[in-house]
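# Per-entry structural report
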Amino acid sequence: MQRRAQRDPSVKRLHRVLAGAAVVPAMLIVAGCSSDSGSDDGKDKAAGSSASASASASPSPTVRAAVYKDLPEACDVLSKKTLDDLVPKAKSGKESQSEDISTRAGCSWDSLANNGVDGSQFRWLSVSMLRFESDTTRGAGDELAKEYYDKQVGDVQAAEGAEDTKSEPVTETGDEATAVRYDLKKKEGTFKQQTVVARVENVVLTLDYNGAGLAGDKAPSADDLMKDAKKAAKEAVKAVTGSGGGKSSGGDAESGSPSKPASSSAPAKD
């Protein structure tokens, strides 16, 4: 019988060496992947920490401070002489209701001069003021006042029932001012309406003045009424700019709530 061929020991050693050599690269690949993954995680964490630190270091938003911090007493913005000229023998002014008179205030006066069989002359005068505070989300007080001023002028020019409407700029009355006039016909007669809207920094002032000849008396001159309205508006604006202790020194303002929107200027009184 032939003997079974014996395996050469060197062949066995060669197989073990080759098997070991095949394992080493695989281990290196796994180790390399693990090392790269750890490096990426470190970069991501570092980037996240840097972004967080940058965000926390960002300054809080600021906005230009509102110039005027208060409003004058609405019923005191016009002198006794002016009131006697515009609303003769008028009783004390009627103050408008307001939740906060430092941001919204108003006053009105009316008079009726009875001329007997010749009829009577009616006059109505109103002053309203709206102050805007600076706010980090909405903007500076003067910018908010500017927006409201433009809207207020537009509302007056588009007054319901107005006839023969005319507008013109008014000088030396705050930062900007517009006068609007129109006729408003009612069953009692034709009312001559004059409205002056003025803005001084962060405050908007609206002055309404109208007159009518009733019970057969002739209508007043619109030119005369407008002249008086402009004079009164200028006086009222000076009261705003001279209100004691109400003016800020400027700088950045803290966040605050804006004043409440005011209603459109009052129509001619029935």
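Residues numbered from 1 in each chain as written. Predicted model: local features only at pLDDT ≥ 70, side-chain atom pairs only at ≥ 80, totals over all residues. Heavy atoms only, no water.

## Quick word on the overall build of the protein
Going by this rule: Every helix listed is a DSSP run of H or I at least four residues long, and every strand listed is a run of E at least two residues long, numbered separately from the N terminus. Each residue is assigned to one of three classes by its accessible area relative to the maximum for its type, calculated with a 1.4 Å probe on protein chains only: buried under 20%, partly exposed between the two thresholds, exposed over 50%. In this description, contact between two residues means that some pair of their heavy atoms is separated by no more than 4.5 Å. For every accessible area listed, the method is Shrake-Rupley and the probe measures 1.4 Å; residues are considered covered only by the protein chains on display.
Across its full length, the protein carries four helices and nine strands. Its helices and strands taken in sequence order, the protein reads α-β-α-β-β-β-α-β-β-β-β-α-β from the N to the C terminus. Here the protein holds 270 residues, and the buried ones make up 38% of them. Sequence-distant contacts in the protein: of pairs separated by 6 or more residues, those separated by 24 or more amount to 64%. Counting every atom, the protein has about 16,300 Å² of accessible surface; 51% of that belongs to carbon and sulfur.

## Describing the pattern of salt bridges
For clarity, the threshold we go by: Any Lys or Arg side-chain nitrogen found within 4 Å of a carboxyl oxygen on Asp or Glu counts as a salt bridge.
The final tally for this structure, using the stated rule, is 16 salt bridges. Notably, a salt bridge pairs aspartate 150 with lysine 146, separated by 3.3 Å at the nearest N-O pair. Of this pair, aspartate 150 and lysine 146 both sit in helix H3 (residues 141-157), four residues apart, which is roughly one turn of the helix. Relative accessible area serves as the criterion here: at 39%, aspartate 150 is assigned to the partly exposed category. Residue class for lysine 146 comes out partly exposed when judged on its relative accessible area of 31%. Residue aspartate 223 is joined to arginine 181 by a salt bridge in which the shortest nitrogen-to-oxygen separation is 2.8 Å. Taken together, the residues span a long stretch of sequence, with aspartate 223 in helix H4 (residues 222-241) and arginine 181 in strand E6 (residues 176-186) at a distance of 42 residues. Via salt bridges that share partners, Lys146, Asp150, Asp175, Glu176 and Arg199 belong to a single interconnected network.

## Structural notes on unusual backbone geometry
Backbone geometry at glutamate 172 places phi at a positive 55°, although glycine is not the residue there. You can see glutamate 172 is positioned in the loop between strand E5 (163-169) and E6. Residues other than glycine seldom take positive phi values, yet alanine 215 does so here, at roughly 55°.

## Some words on the confidence of the model for the protein
Going by this rule: Scored from 0 to 100, pLDDT records how confident the predictor is in each individual residue.
Considering every residue of the protein, the mean pLDDT works out to 79; 67% of them sit at 70 or more. The low-confidence segment residues 9-15, where pLDDT is below 50, has one contact with residues more than four positions distant or belonging to other chains. Predicted confidence is poor over residues 17-35, with pLDDT under 50, and the contacts of this stretch with residues over four places away or in other chains come to zero contacts.

## Quick word on the packing of aromatic side chains
Each aromatic ring pair is specified by the distance between its two centres and by the angle formed by the two planes. Put simply, the rule is: A pair of aromatic rings is counted whenever rings of Phe, Tyr or Trp (Trp by its six-membered ring) have centres within 6.5 Å, and the orientation is called stacked for planes under 30 degrees apart, edge-to-face for over 60 and tilted otherwise.
Here the structure, examined in full by the defined rule, presents two aromatic pairs. Judged by centre distance (6.0 Å) and plane angle (80°), the ring pair of phenylalanine 122 and phenylalanine 191 falls under edge-to-face. Taken together, the positions of phenylalanine 122 in strand E4 (residues 120-131) and phenylalanine 191 in strand E7 (residues 189-200) put the pair 69 residues apart, joining distant regions of the chain. Each of the two residues, phenylalanine 122 as well as phenylalanine 191, counts as buried. On the numbers, 5.7 Å between centres and 45° between planes, the contact of phenylalanine 132 with tyrosine 148 is tilted. With phenylalanine 132 in the loop between E4 and H3 and tyrosine 148 in helix H3, the pair connects residues that are 16 residues apart, well separated along the chain. Since its relative accessible area comes to 5%, phenylalanine 132 is described here as buried.

## Brief notes about the nonpolar core
To keep things clear, this is the line we draw: For the purposes of this section, nonpolar cores are sets of buried Ala, Val, Leu, Ile, Met, Phe, Trp, Tyr and Cys residues that join through side-chain atoms within 4.5 Å.
Counting 34 residues, the largest nonpolar core has Leu78, Trp109, Leu125, Met129 and Leu207 as its most contacted members. Of all the elements, H4 adds the most residues to this core, at nine residues. Grouped together as the second largest cluster of nonpolar side chains are 18 residues, Tyr182, Phe191, Val197 and Val204 included.

## Side note on the state of the cysteines
Our working definition: Defined by distance alone, a disulfide is two cysteine sulfur atoms within 2.5 Å.
Taken as a whole, this structure holds one disulfide when the rule is applied. Note on cysteine connectivity: cysteine 75 is disulfide-linked to cysteine 107, with sulfurs 2.0 Å apart. Measuring the twist about the S-S bond at about 95°, one finds the cysteine 75-cysteine 107 disulfide to be right-handed. Taken together, the residues span a long stretch of sequence, with cysteine 75 in the loop between strand E1 (63-64) and helix H2 (80-86) and cysteine 107 in strand E3 (residues 104-114) at a distance of 32 residues.

## Some remarks on the side chain of arginine 131
The condition is simple: Think of a polar contact as two N or O atoms within 3.5 Å of one another; within protein, one of them needs to be a possible hydrogen donor and the other a possible acceptor, and neighboring residues in sequence only count if both atoms come from side chains.
If you trace the backbone, arginine 131 turns up in strand E4. Within polar-contact distance, the side chain of arginine 131 engages the backbone oxygen of tyrosine 68 at 3.2 Å. A distance of 3.3 Å separates polar atoms of two side chains, one belonging to arginine 131 and the other to glutamate 133.

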